[in-house]
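The chain contents come next:
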Amino acid sequence: QVQLVESGGGLVQTGGSLSLSCAASGLTFSSYVMGWFRQAPGKEREFVAAINRSGVMTYYVNSVKSRFTISRDNVKNMLYLQMNSLKPEDTAVYSCAAALSTAYFLTQMDEYDYWGQGTQVTVSS
């Protein structure tokens with residue numbers, strides 16, 4: 001059974017940092033493209049960042065470029081999202097997702113096979 005479990009969310013002030021983690025189990029982690037998505041209150045879920053299977057290639061939505069860094073550890077079966085210079089508009093539930101694919105990255109929700117439950121990130125102004 002595939003499980004993706006996020007952790008690391010919380011409350012932070014504008015300009016602060018948070019580091020999210022996603023622990024994967026029940027799958028051959030290195031075979032999956034991984035992504036982070038977020039959903040703010042009253043809004044649709046949106047793509048944040050993705051990383052290819054080896055971890056060499058990454059892709060970000062424009063609004064988080066230069067502030068967020070996605071990374072992975074294929075030995076520990078872990079996905080990470082380092083978030084710096086946080087803004088109130090980053091407030092959302094952040095979820096990790098896994099896609100069995102040879103693509104370099106994937107940005108559409110329906111391209112992903114498995115999802116975590118999400119972790120809340122709140123940025124106060």
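Further up the page is the structure itself.
Described below are features of the structure shown in this document. None of the values given here were measured: they were computed from a predicted structure.

**Side note on a nonpolar patch on the surface**
Taken together, the side chains of V56, M57, Y59, Y104 and F105 present a nonpolar region at the surface, about 490 Å² in accessible area. Note that Y59 resides in strand β6 (residues 58–60).

**So, the packing of aromatic side chains**
By the definition in use, this model includes seven aromatic pairs. An aromatic cluster of at least three residues, connected via ring pairs, comprises F37, F47, Y59, F105, Y112 and W115. Here R45 stacks its cationic end above the ring of W115, 4.4 Å away from the centre of that ring. The ring of F29 has R72 lying over it, and the distance from NZ or CZ to the ring centre is 4.4 Å.

**What to know about the side chain of S95**
With respect to the element layout, S95 can be found in strand β9 (residues 92–100). Excluding residues that lie within four positions of it along the chain, S95 makes contacts with E6, G35, W36, F37, R45, W115, G116, Q117 and G118.

**Some remarks on the side chain of N52**
Structurally, N52 can be placed in the loop between β5 (46–51) and β6. Among the polar contacts made by the side chain of N52, one reaches the main-chain amide nitrogen of M57 at a distance of 2.8 Å. Ignoring any residue separated from it by four or fewer positions in sequence, one finds N52 in contact with M57, R72, A103 and Y104.

**Description of the pairing of strand β4 (residues 32–39)**
Along β4, seven of the eight residues are buried, which leaves the element largely enclosed by surrounding structure. Relative to β9, β4 is paired through eight bridges, and the arrangement is antiparallel. Along β9, the bridge assignment pairs M34 with A98. Strand direction decides the pairing type here: β4 and β5, joined by five bridges, are antiparallel. The residue bridging F37 from the neighbouring strand is F47, located in β5. Hairpin remark: β4 followed by β5, antiparallel, with six residues in the connecting loop; positive phi at G42, about 75°.

**Some thoughts on the nonpolar core**
Ranked by internal contacts, the top residues of the largest apolar core, which has 29 residues, are W36, F68, L79, L81, M83 and Y94. Every element with two or more residues in this core is listed here: β3 (18–25), β4, β5, β7 (68–73), β8 (78–83), β9 and β11 (119–124). Those residues within four positions of L79 in sequence are excluded, and the remaining contacts are L20, S21, C22, F29, M34, G35, W36, I51, I70, S71, R72 and C96. Of all hydrophobic cores here, the second largest spans eight residues; its members include A50, A99, L106 and Y112.

**Things to note about the sheet that holds β3**
Ordered in space as β1-β3-β8-β7, the four strands form an open sheet in which the pairing is antiparallel. A single partner strand is all that each edge strand has here, and the edge strands are β1 (3–7) and β7. Averaged over all adjacent pairs, the angle separating strand axes in this sheet is 15°, with direction ignored.

**A closer look at the environment of S124**
Tracing the backbone shows S124 in strand β11. Spatially, the C-alpha atoms of S124 and S17 are 12 Å apart, while their sequence positions differ by 107 residues. Every residue in contact with S124, bar those within four places of it in the chain, is listed here: L11, V12, Q13 and T14.

The rules we used
Residues numbered from 1 in each chain as written. Predicted model: local features only at pLDDT ≥ 70, side-chain atom pairs only at ≥ 80, totals over all residues. Heavy atoms only, no water. Patch = residues over 30% accessible without salt bridge, like charges linked within 9 Å, V, L, I, M, F, W, Y side chains within 5 Å. Areas by Shrake-Rupley, 256 points an atom, 1.4 Å probe, with all protein chains shown as cover. Salt bridge = Lys/Arg side-chain N within 4 Å of Asp/Glu carboxyl O. Helix = DSSP H or I, 4+ residues; strand = E, 2+ residues; numbered from the N terminus. Phe/Tyr/Trp six-rings, centres within 6.5 Å; stacked < 30°, edge-to-face > 60°. Lys NZ or Arg CZ within 6 Å of the ring centre and 35° of its normal. Contact = heavy atoms within 4.5 Å. Polar contact = N/O pair within 3.5 Å; in protein donor to acceptor, adjacent residues only side chain to side chain. Buried < 20%, exposed > 50% of the residue type's maximum accessible area, 1.4 Å probe, protein only. Pairing = 2+ DSSP bridges. Core = buried A, V, L, I, M, F, W, Y, C linked by side-chain atoms within 4.5 Å. Axes fitted to C-alpha atoms, helices over the stretch in contact; angles between N-to-C directions.

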